[in-house]
Amino acid sequence: MSLTESPQRPGDLRVLVLSADVGEGHVAAARALSEGLRALGTVDVVERDGLSAFGAVTRHLIRDGYRWQLRWAPWTYATGYWLFTRLAPARAVGALALSVTGQRRLRGLMRREAPDVVVTTHPALTCALGRMRMRRRLAIPLCAA
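Residues numbered from 1 in each chain as written. Predicted model: local features only at pLDDT ≥ 70, side-chain atom pairs only at ≥ 80, totals over all residues. Heavy atoms only, no water.

Undergrad: Even after reading the chapter, I still don't get the pairing of strand β1 (residues 13-19), so can you show me in this structure?
TA: With six of seven residues buried, β1 lies mostly within the body of the structure. Relative to strand β2 (residues 43-49), β1 runs parallel, the two being bridged by seven bridges. Its bridge partner lying in β2, L13 is registered against V43. In the classification by handedness, the crossover that spans β1, the intervening helix α1 (residues 24-39) and the parallel β2 is right-handed. Relative to strand β3 (residues 117-120), β1 runs parallel, the two being bridged by four bridges. Across the sheet, L16 pairs through a bridge with V118, a residue of β3. (Buried < 20%, exposed > 50% of the residue type's maximum accessible area, 1.4 Å probe, protein only. Helix = DSSP H or I, 4+ residues; strand = E, 2+ residues; numbered from the N terminus. Pairing = 2+ DSSP bridges. Right-handed = clockwise from strand over helix to strand, strands pointing away.)

Undergrad: Just to check I follow, could you spell out the packing of helix α4 (residues 88-113) against helix α5 (residues 123-134) for this structure?
TA: Where α4 contacts α5, the two axes come as close as 8 Å, and the packing angle between them is 80°. Here α4 is positioned roughly perpendicular relative to α5, judged by the angle of their axes. Contacts between α4 and α5 involve A95, L96, L98, S99, Q103, L106, R107 and M110 on the former and, on the latter, A124, L125, C127, A128, L129, R131 and M132. Tallied by class, the residues present in the contact of α4 with α5 amount to eleven nonpolar, two polar and two charged. (Axes fitted to C-alpha atoms, helices over the stretch in contact; angles between N-to-C directions. Parallel < 35°, antiparallel > 145°, perpendicular 65-115°, else oblique. Contact = heavy atoms within 4.5 Å. Nonpolar A, V, L, I, M, F, W, Y, C, P; charged D, E, K, R; others polar.)

Below, the structure is given as structure tokens:
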């Protein structure tokens, strides 16, 4: 993922695009969003790998677990998807785990980058940041692609 930043001019909207390198789809979506925003000419876009905010263990579980899952046990993807979309307790536990592991580092990332808006291309990032917004720990707008 590109870590280049365009120089910010006064009045520009600063957009932080967070992705996860679990598959090319998330990274490609972030790249396309960033290119489109930069084409506007008045948007300062910063791209980051948001998955790194979850720490080494959770990042490994999300990224490498997903790759293992698709290669060796693809049926578990549908099962997991069903669990997290149909069973509220599973969804609550998953959301809590993502919030606990990512919130502190995501807050630090928000302070460092000082965006006006955050766009995510991975549901784990959207979940953790969304919970931060619900608890008034993230005041800026959050968008999910």
